[in-house]
Amino acid sequence: MDISQIKASIVTPEVGIHVGDKAAPVKVMSFINLRCPFCREWNEKSQEVLTEFIQAGKIELIIKPFDKEKESLQRGNVAHRYLDYSTPEETRETINKIYSTQDEWGSLSLEEVATYMESKLGLTEQDNKAASEKIIREANEANVVFVPTVIVGEHIFDEHISPEQLRTLLNSELAK
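Nothing here was measured: the structure is a model prediction, and the numbers come from that model.

1. Structural notes on the overall build of the chain
Counting secondary structure elements, the chain contains seven helices and five strands. Reading the chain from its N end, one meets helices and strands in the order β-β-α-β-α-α-α-α-α-β-β-α. Taken over the C-alpha trace, the chain has a radius of gyration of 15 Å; the compact-globule value for 176 residues is 16 Å, and the two agree within 12%. C-alpha atoms of the chain, sized along the principal axes, occupy 45 × 35 × 30 Å. In the chain, buried positions account for 51% of the 176 residues. Contacts spanning at least 24 positions in sequence make up 81% of the contacts within the chain whose residues lie at least 6 apart.

2. As for the environment of Leu-123
Mapped onto the elements of the fold, Leu-123 is located in the loop between helix H5 (110-119) and helix H6 (129-141). Using a relative accessible area of 13% as the deciding quantity, one classes Leu-123 as buried. Once the C-alpha coordinates of Leu-123 and Glu-173 are considered, the two residues, 50 residues apart in sequence, prove to be 36 Å apart. Ignoring any residue separated from it by four or fewer positions in sequence, one finds Leu-123 in contact with Tyr-82, Thr-94, Ile-98, Met-117 and Glu-118.

3. Digging into the packing of aromatic side chains
This model, assessed by the stated rule, comprises two aromatic pairs. Pairing Phe-31 with Phe-66 gives two aromatic rings, centres 5.9 Å apart and planes at 65 degrees, and the pair type is edge-to-face. Placement of Phe-31 in strand E2 (residues 26-32) and of Phe-66 in the loop between strand E3 (59-65) and helix H2 (74-80) is noted, with a sequence separation of 35 residues between them. Of the two residues examined, Phe-31 and Phe-66, each falls in the buried class.

4. Section: the nonpolar core
Ranked by size, the top nonpolar core spans 55 residues in total, and within it Leu-34, Leu-50, Ile-98, Met-117 and Leu-170 carry the most contacts. Here this core gets six residues from one element, more than from any other, and that element is helix H1 (residues 37-55). The residues touching Leu-34, leaving out its near neighbours within four places in the chain, are Gly-76, Ala-79, His-80, Leu-83, Ile-95, Ile-98, Tyr-99, Gln-102 and Trp-105.

5. Topic: the layout of surface pockets
Of the voids in this model, the largest pocket is the one considered here, and its volume is about 300 Å³. What lines the largest pocket is a set of 15 residues, and nearest its centre among them are Cys-36, Phe-38, Lys-70, Phe-146 and Val-147. Put simply, the second largest pocket is a space of about 210 Å³. Along its surface, the second largest pocket is lined by 16 residues, and Asp-67, Asn-77, His-80, Arg-81 and Ser-132 are the ones closest to its centre. Counting only elements with at least two residues in the lining of the second largest pocket, the list comes to H2 and H6. The greatest single-element share of the lining of the second largest pocket, amounting to four residues, is contributed by H2. Across the lining of the second largest pocket, the residue classes break down as four nonpolar, six polar and six charged.

6. What about H1?
Structural remark: α-helix, 3.6 residues per turn; residues separated by three or four positions point the same way. Its 19 residues place the ends of H1 26 Å apart at the C-alpha level, agreeing with the 27 Å of an ideal helix rising 1.5 Å per residue. In H1, a bend of some 55 degrees at Gln-47 exceeds every other bend along the element. Residues Cys-39, Arg-40, Trp-42, Asn-43, Ser-46, Gln-47, Val-49, Leu-50, Phe-53 and Ile-54 constitute the buried set of H1. Two residues or fewer past H1, Gly-57 is found with a positive phi of approximately 75 degrees.

7. Some details on the pairing of strand E4 (residues 149-152)
What you see with E4 is no split at all: Thr-149 and Ile-151 on one side and Val-150 and Val-152 on the other are buried throughout. Relative to strand E5 (residues 155-157), E4 is paired through three bridges, and the arrangement is antiparallel. When the bridges of E5 are listed, Val-150 appears paired with Phe-157.

The rules behind each value
Residues numbered from 1 in each chain as written. Predicted model: local features only at pLDDT ≥ 70, side-chain atom pairs only at ≥ 80, totals over all residues. Heavy atoms only, no water. Helix = DSSP H or I, 4+ residues; strand = E, 2+ residues; numbered from the N terminus. Rg over C-alpha atoms; globule rule 2.2 N^0.38 Å. Buried < 20%, exposed > 50% of the residue type's maximum accessible area, 1.4 Å probe, protein only. Contact = heavy atoms within 4.5 Å. Phe/Tyr/Trp six-rings, centres within 6.5 Å; stacked < 30°, edge-to-face > 60°. Core = buried A, V, L, I, M, F, W, Y, C linked by side-chain atoms within 4.5 Å. 1 Å grid on protein atoms, 1.4 Å probe; cavity = no way out; pocket = protein on both sides within 12 Å on 5 of 7 lines; lining within 4 Å. Points joined across faces, edges and corners; volume = space filled by probe spheres on them. Nonpolar A, V, L, I, M, F, W, Y, C, P; charged D, E, K, R; others polar. Expected span 1.5 Å × (residues − 1). Bend = angle between axes of the 7 residues up to and from the residue. Pairing = 2+ DSSP bridges.

Encoded structure:
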């Protein structure tokens, strides 16, 4: 991933699904698409470390579901409509459930994805349009093109970070 064009300073914790203490000293801002297999990889690899730091009150995770125009990711855009921003802890579990079933719904039609979210996962469509538009605008202004794109302070990375590297990075941000 070429990060040279990304303007990390434009990305703020304002919009997204806020998991953890808003007063936490370090913000982890993660642009994801629920249909992206690389986002699923990031989610799986980072889960344990992020949970540990969230529970300790050291970080706030801001998940930014990023609607993409790319045909293969549009099913993720549909899934994003079923994320409840008002219940972040539960929604993080919902995200895990959606990722774990990605192979089942990932090649369905857009209408079938909506039906799957409702009938198979028991989710209810939310009114996320305003938040979605803000996330798209923020990503475009910051030149965020690829998912996942994760920003911690001045550090920008994707799914290729190991749990050990993530832990080291978070600890170094906390030490600042």
